[in-house]
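Each chain is listed here by its residues.
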Amino acid sequence: MPLLQFDVIQGRSESEMRTLLDAAHRAVLAAFKVPARDRYQIVHENKAYQMVFEDTGLGLTRTDNLVMVRVFTSPRSDEQKQFFMAELCRELKESCGILGSDVMISFITNGKGDWSFGNGVAQYMTGDL
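Residues numbered from 1 in each chain as written. Predicted model: local features only at pLDDT ≥ 70, side-chain atom pairs only at ≥ 80, totals over all residues. Heavy atoms only, no water.

(A) Region of interest: the pattern of salt bridges. Evaluation of the coordinates by the stated rule reveals seven salt bridges. The partner of Arg-18 in a salt bridge is Glu-14, with the nearest N and O atoms 3.6 Å apart. Note that Arg-18 and Glu-14 are positioned in helix 1 (residues 14-32) at a spacing of four residues, about one turn of the helix. Here the two residues Arg-18 and Glu-14 agree in accessibility, since each one is exposed. In this structure, Arg-90 engages Glu-94 in a salt bridge whose closest nitrogen and oxygen atoms are separated by 3.0 Å. With Arg-90 and Glu-94 both in helix 2 (residues 78-96) and four residues apart, this pair spans about one turn of that helix. Taking relative accessible area as the criterion, Glu-94 reaches 62% and is therefore assigned exposed. (Salt bridge = Lys/Arg side-chain N within 4 Å of Asp/Glu carboxyl O. Helix = DSSP H or I, 4+ residues; strand = E, 2+ residues; numbered from the N terminus. Buried < 20%, exposed > 50% of the residue type's maximum accessible area, 1.4 Å probe, protein only.)

See the structure below:
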């Protein structure tokens, strides 16, 4: 169950955001083989001056299409992470016209006991999931 948190520069339409979120979910399904309804996404819209993303000396050119994605998840293999990163960039380019140079991804790993899906119950720990 990954939770994806997106930071984008404000100005995209609801339709554009839905397309972006759908593309990201397809990448999650392909990389992590989770059930289709295992979908958790949050979007934060920011003013352009509130997002400063340089290139760490990699020669990347960023535009206002910038998308920062944080993936909160239980441990995943390096292969799964790399596949997700590549698949997300492919999906965003194909579906939204967002170039890979405008996509930054960070994984935040936690344990299954760190999640409650509702009712104050740690469903992974109780065996409900």
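(B) Main features of the side chain of Thr-73. Within the secondary structure, Thr-73 is located in strand 3 (residues 67-73). Thr-73 gets classed as buried once you look at its relative accessible area, which sits at 0%.

(C) Highlighting unusual backbone geometry. Located in the positive-phi region is Thr-56, a residue other than glycine, with phi close to 55°. The residue Thr-56 is located in the loop between strand 2 (40-46) and strand 3 in this model. Thr-56 sits in the exposed class, given a relative accessible area of 76%. Although it is not a glycine, Asn-119 sits at a positive phi angle of roughly 65°. Mapped onto the elements of the fold, Asn-119 is located in the loop between strand 4 (103-109) and helix 3 (123-126). Residue class for Asn-119 comes out exposed when judged on its relative accessible area of 81%.

(D) Just the packing of aromatic side chains, in detail. Under the definition given, this model contains six aromatic pairs. Note on Tyr-40 and Phe-117: the rings are 5.8 Å apart at their centroids and 50° apart in plane angle, and the pair reads as tilted. Within this pair, whereas Tyr-40 is found in strand 2, its partner Phe-117 is found in the loop between strand 4 and helix 3, the two being separated by 77 residues in sequence. By relative accessible area, Phe-117 is classed as partly exposed at 28%. For the cation-ring pair, Arg-76 lies above Phe-32, with the distance from its terminal atom to the ring centre recorded as 4.4 Å. The aromatic ring of Phe-107 is capped on one face by Lys-81, whose charged end is 5.7 Å from the ring centroid. (Phe/Tyr/Trp six-rings, centres within 6.5 Å; stacked < 30°, edge-to-face > 60°. Lys NZ or Arg CZ within 6 Å of the ring centre and 35° of its normal.)

(E) Highlighting the pairing of strand 4. The pairing of strand 3 with strand 4 spans seven bridges and is classified as parallel. Within strand 4, the position partnered with Arg-70 by the bridge is Ser-106. In the classification by handedness, the crossover that spans strand 3, the intervening helix 2 and the parallel strand 4 is right-handed. (Pairing = 2+ DSSP bridges. Right-handed = clockwise from strand over helix to strand, strands pointing away.)

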